[in-house]
Amino acid sequence: MAENKLWGGRFSENTDAFVEEFTESVSFDKELALYDIKGSIAHVKMLSKQGIIPKEEAEKIIEGLNQIAEDIKKGRFQWKRELEDVHMNIEKALIERIGNIGGKVHTGRSRNDQVITAFRLYLKEQIQEIIELLIKLQKSLLKKAEEYIDIVMPAYTHLQRAQPIRASHYFMAYLEMFNRDIERFRDNLKRVNELPLGSGAVAGVDFPIDREFVAKELGFSSIMRNSIDATASRDFAIEFLSCSSICMANMSRLSEDLIIYSSSEFNFVELPDKLTTGSSIMPQKKNPDVLELIRGKTGRVYGDLVSLLTIVKGLPLAYNRDLQEDKEPVFDAVKTLKGSIIGITKIIDGLKIKKENTEKAAGGFALATDLANYLAEKGVPFREAHHIVGKIVAYLISQNRELEDIKLEELKNFSPLFEEDALNLLSAYVVADRRKSFGGTAKERILQQINYWKEKLQA
Ligand code: ARG
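Residues numbered from 1 in each chain as written. Predicted model: local features only at pLDDT ≥ 70, side-chain atom pairs only at ≥ 80, totals over all residues. Heavy atoms only, no water.

Participant: Describe the nonpolar core, with residues and values.
Facilitator: Counting residues in hydrophobic clusters, the biggest one holds 106 residues, and the most contacted among them are F171, F185 and F240. Among the elements that make up this core, the one with the highest residue count is helix 6 (residues 111–147) (16 residues). Ignoring any residue separated from it by four or fewer positions in sequence, one finds F171 in contact with L141, K144, A145, Y148, I348, L351 and I353. Counting residues in each nonpolar core, the second largest holds 26 residues, with A368, L371, V393 and L408 among its members. (Core = buried A, V, L, I, M, F, W, Y, C linked by side-chain atoms within 4.5 Å. Buried < 20%, exposed > 50% of the residue type's maximum accessible area, 1.4 Å probe, protein only. Helix = DSSP H or I, 4+ residues; strand = E, 2+ residues; numbered from the N terminus. Contact = heavy atoms within 4.5 Å.)

Laid out in structure tokens, this is it:
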């Protein structure tokens, strides 16, 4: 019989050391320990309620499990690699602590439904924490939007100056993007929040178990209806990684913007010293490493998604050991995502906009659209108006002048329709506030949006 193994009965030799090393997962799945214990306690309560094991024995098992949980929390639990995974480690420790009745914890249960129950409990909690962190990030963006309502900056398309916007409009764009991330995670949570326990190894359980009771104990909102599906499916985790990837992509874009905006070339944004790092050789440098790492770590999280998608592709139903590989990508994504959200929130809280610079960049030729619209309002077909203003731009560029420098007489040379009031348009603030359409950058519209979000976020 294989020594030390809970499943050693049918084996006549000890497990090869390489196999122990290669197949173990406790080095990483110990992350699930407290969720595993929670699942076991609910299971044992149910076994006792159903008369499957005697009440006194259930009490002993639960007490043993609680003591083990204390040891784990205090960091004094001895994890043993040869016991393979977190579940076997805990069960073995239970038996050592309370004797052979500890083995009754596994009555009417398989590791296949046990592991996925712990994993779902873990992920439920993580998603809730991630949503909380994203809401904090939204509140920070909202605060910046309020603070910077009277600052204009250029909006870019093709990374060329396009049109003036209020800086608040920019921050609120990301607030909206992160809101969709939150919605995606909330939706994912519905599918994570289903109880697989009670499915056994694959076909169900032959003891008179009560799955409703276990679902209630563990706070799952529903029970998985098919034992094969319950033990073999990992789409809830793929979905989580997919939500995480999209969220990282959004944070990566924000990071990239701020990296560009804080460069000397743009000089729009000052990042706080305490959130940047210096160079070992160039004394003048102040590097946006946190933002760069968020951008870089986005690649990791995409990798996590592709890993799990690939693991399940072509995997025959139901449980296969391949599925043990589901955990590390999810743990990695959780850690990376949480760190990135915390990092970007700190950056948003601490950044300062350099008003003189954004204001200057928001003017000039970024005002050209409105000059064309002026002519269009006077009946010139927009295409033609566009062409006329294009000529004005070329004329000024050739003289190394800005749009704001132009005189009314000069404008009239390009079109007699230009009047005194056309010159009023040569201000980024005026132009921004003309965009009064719903969703536009006019101050009154942004204030409406800010109020909407203040109410929604109770900020
Ligand atoms: N450590 C395994 C996993 O993470 C637990 C399930 C093992 N089940 C089995 N039949 N070998 O998937």
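Participant: Let's hear about the site of the ligand: which residues, and what values?
Facilitator: Surveying the vicinity of the ligand reveals the residues S25, D85, R111, N112, V115, Y319, Q324 and K327. Interatomic distance of 3.1 Å between a side-chain N/O atom of N112 and a nitrogen atom of the ligand. Note that an oxygen atom of the ligand is positioned 2.5 Å from one of the side-chain N or O atoms of K327. Contact with the protein chains hides 85% of the accessible area of the ligand, taken as 340 Å² for the molecule alone. Looking at the shell around the ligand element by element, the count peaks at 3 residues for helix 6. Residues that form the shell around the ligand fall into these classes: 2 nonpolar, 3 polar and 3 charged. (Near = heavy atom within 4 Å. Polar contact = N/O pair within 3.5 Å; in protein donor to acceptor, adjacent residues only side chain to side chain. Areas by Shrake-Rupley, 256 points an atom, 1.4 Å probe, with all protein chains shown as cover. Nonpolar A, V, L, I, M, F, W, Y, C, P; charged D, E, K, R; others polar.)

Participant: Run through the pairing of strand 1 (residues 152–157), naming residues and quoting values.
Facilitator: Across 6 bridges, strand 1 lies against strand 2 (residues 160–166) in antiparallel orientation. By the bridge assignment for strand 2, T157 is matched with Q160. Here strand 1 folds back onto strand 2, and the loop between the two strands holds 2 residues, one of which, H158, carries a positive phi near 55 degrees. (Pairing = 2+ DSSP bridges.)

Participant: Explain the pattern of salt bridges residue by residue, including any values.
Facilitator: Taken as a whole and assessed by the stated rule, the structure comprises 37 salt bridges. Among the ionic pairs, E57 bridges to K104, the shortest N-O distance being 2.7 Å. Here E57 is found in helix 4 (residues 55–73), whereas its partner K104 is found in the loop between helix 5 (86–98) and helix 6, with 47 residues between them in sequence. Given a relative accessible area of 18%, E57 falls into the buried group. With relative accessibility at 30%, the residue K104 sits in the partly exposed group. (Salt bridge = Lys/Arg side-chain N within 4 Å of Asp/Glu carboxyl O.)

Participant: A description of a nonpolar patch on the surface should follow, citing residues and the corresponding values.
Facilitator: Side chains of F18, V19 and F22 sit close together on the surface and give an oily, nonpolar patch of about 340 Å² of accessible area. Its place among the elements puts F22 in helix 1 (residues 17–23). On the accessibility criterion, F22 (65% relative accessible area) is exposed. (Patch = residues over 30% accessible without salt bridge, like charges linked within 9 Å, V, L, I, M, F, W, Y side chains within 5 Å.)

Participant: So what's going on with the packing of aromatic side chains? Which residues, and what values?
Facilitator: By the definition in use, this model includes 22 aromatic pairs. The rings of Y148, Y156, Y170, F171, Y174, F178, Y261, F266 and F268 are connected pair by pair, giving a single aromatic cluster. We note R10 situated over the ring of F11; from NZ or CZ to the ring centre the distance is 5.6 Å. Taking NZ or CZ as reference, K327 lies 5.8 Å from the ring centre of F119, over its face. (Phe/Tyr/Trp six-rings, centres within 6.5 Å; stacked < 30°, edge-to-face > 60°. Lys NZ or Arg CZ within 6 Å of the ring centre and 35° of its normal.)

Participant: Quick rundown of unusual backbone geometry? Include the residues and the values.
Facilitator: Both trends apply: most residues other than glycine have a negative phi, and most peptide bonds are in trans. In this chain, L317 is followed by A318 through a cis amide linkage whose omega measures 0 degrees. The phi dihedral of E84 falls on the positive side, at around 75 degrees, and the residue is not glycine. Mapping E84 onto the fold places it in the loop between helix 4 and helix 5.

Participant: Residues and numbers for the side chain of K327, please.
Facilitator: Take K327: it is sitting in helix 12 (residues 327–350). The class for K327 is buried, based on a relative accessible area of 4%. Once you skip the residues sitting within four places of it in the chain, K327 turns out to touch F28, D29, L32, V115 and F119.

Participant: Describe the UniProt feature "domain: Argininosuccinate lyase C-terminal" (unreviewed entry) in the chain, naming the residues involved and giving the relevant values.
Facilitator: Feature annotation in UniProt assigns "domain: Argininosuccinate lyase C-terminal" (unreviewed entry) to the following positions: residues 365–427. Secondary structure over residues 365–427 splits into 54% helix and 0% strand, and the C-alpha atoms at its two ends are 11 Å apart. (UniProt positions renumbered as here; feature names shortened; annotations may be inferred.)

Participant: Would you mind going over the packing of helix 10 (residues 235–261) against helix 12 in detail, with residue names and values included?
Facilitator: Close contact between helix 10 and helix 12 brings their axes to 10 Å; oriented N to C, the two are set at 30 degrees. Of the possible angle classes, the one that applies to helix 10 and helix 12 is roughly parallel. Considering how the two elements wind past one another, helix 10 and helix 12 form a crossing that is left-handed. Residues A237, F240, L241, S244, C247, M248, M251, L254, S255 and L258 of helix 10 form the contact with helix 12, whose own contacting residues are P329, V330, A333, V334, T336, L337, S340, I341, I344, I347 and I348. The residue makeup of the contact of helix 10 with helix 12, split by class, is 17 nonpolar, 4 polar and no charged. (Axes fitted to C-alpha atoms, helices over the stretch in contact; angles between N-to-C directions. Parallel < 35°, antiparallel > 145°, perpendicular 65-115°, else oblique. Left-handed = near helix turned anticlockwise from the far one by under 90°.)

Participant: Lay out the environment of R435 in plain terms, naming residues and giving numbers.
Facilitator: If you trace the backbone, R435 turns up in the loop between helix 17 (428–434) and helix 18 (443–457). For the pair R435 and T157, spaced 278 residues apart in the sequence, the C-alpha separation amounts to 17 Å. Excluding its chain neighbours within four sequence positions, the residues that come into contact with R435 are Q163, T369, D370, N373, G440, T441 and A442. Engagement of the side chain of R435 in a polar contact is seen with the side chain of D370, the distance being 2.6 Å.

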